[in-house]
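Notes for the structure review
Next come the chains, spelled out residue by residue.
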Amino acid sequence: MDKKSLRQKAKAERQKLTQEEIEDKSLAIANQLLRMDIWNKLYYHLFLTIEEQKEINTEYILQILAGKDKEIVISKCEFATLGMTHFLLTDNTKIKKNSYNVPEPVDGLEVPDAKIDVVFVPLLAYDKQGNRVGYGKGFYDNFLSKCKPETIKIGLSFFPPEEKIEDVSANDVKLDFCVTPEEVFKF
């Protein structure tokens, strides 16, 4: 299936989820993450949930990271360049939703791409080869291409993988893992 069709399918599937299902599945994903061998790193990049898109509630992962005393990095999208600026999440960080309802830091201590050890990647769909479909702007592909090669890229999804994304491009950055409520897929 192509990316456009997968985007439509995934958005429709998400819209069917109740708030209770989202919470249950989000907690199950966080519990799956706890079983993974990824906790010996320091800088973890996490996306903040777009509730209107019925995304995974990343608050559970945020609590795990804080409990493990990790450096938590969140981003602000730069729509003019399709780039992202990363900031350390601290007690003083102010969060504000942008025009797309993406919660973002207003400002703070900037963190370079090269410092980030693990990235939890938002997605709409993914396939058995580790390719992902996002919202289509390329923010995460741009960001992930600038990370160090050993940065661990972990997709988070409520759903199992698709067989194959047909229109993968050379700029698409593959995932290392994708975590669902039921399973961890390694690519």
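For the structure given in this document, a descriptive report is provided here. Not measured: the values here are computed from a predicted model.

What about the overall build of the protein?
Across its full length, the protein carries four helices and eleven strands. Against the compact-globule benchmark of 16 Å for 187 residues, the protein has a radius of gyration of 15 Å, which places it among compact chains. By principal-axis analysis of the C-alpha atoms, the protein measures approximately 40 × 35 × 35 Å. The buried share among the 187 residues of the protein stands at 51%. Restricting to contacts in the protein with at least 6 residues of sequence separation, those with at least 24 account for 70%. Looking at the protein as shown, the accessible area adds up to about 9,700 Å², and 48% of this sits on carbon and sulfur atoms. Distance between charge centres in the protein, computed from 27 positive and 31 negative side chains, equals 3 Å.

Concerning the side chain of Asp117
For Asp117, the position within the fold is in the loop between β5 (103-105) and β6 (118-121). Only 3.1 Å separates the side chain of Asp117 from the backbone nitrogen of Leu42, close enough to count as a polar contact. Look past the residues within four positions of Asp117 in its chain and what remains in contact with it is Lys41, Leu42, Tyr43, Lys148, Glu150, Thr151 and Ile152.

Description of the pairing of strand β9 (residues 152-156)
Most of β9 sits out of view: five of its five residues are buried. Side chains Ile152, Ile154 and Leu156 of β9 all project onto a buried face; the interleaved residues Lys153 and Gly155 project onto the opposite face, where all are buried too. In this sheet, strand β10 (residues 177-179) lies alongside β9 in parallel orientation, the contact comprising three bridges. What sits directly across from Ile154, in β10, is Phe177.

The rules behind each value
Residues numbered from 1 in each chain as written. Predicted model: local features only at pLDDT ≥ 70, side-chain atom pairs only at ≥ 80, totals over all residues. Heavy atoms only, no water. Helix = DSSP H or I, 4+ residues; strand = E, 2+ residues; numbered from the N terminus. Rg over C-alpha atoms; globule rule 2.2 N^0.38 Å. Buried < 20%, exposed > 50% of the residue type's maximum accessible area, 1.4 Å probe, protein only. Contact = heavy atoms within 4.5 Å. Areas by Shrake-Rupley, 256 points an atom, 1.4 Å probe, with all protein chains shown as cover. Lys, Arg positive; Asp, Glu negative; His and termini not counted. Charge placed at Lys NZ, Arg CZ, Asp CG, Glu CD. Polar contact = N/O pair within 3.5 Å; in protein donor to acceptor, adjacent residues only side chain to side chain. Pairing = 2+ DSSP bridges.

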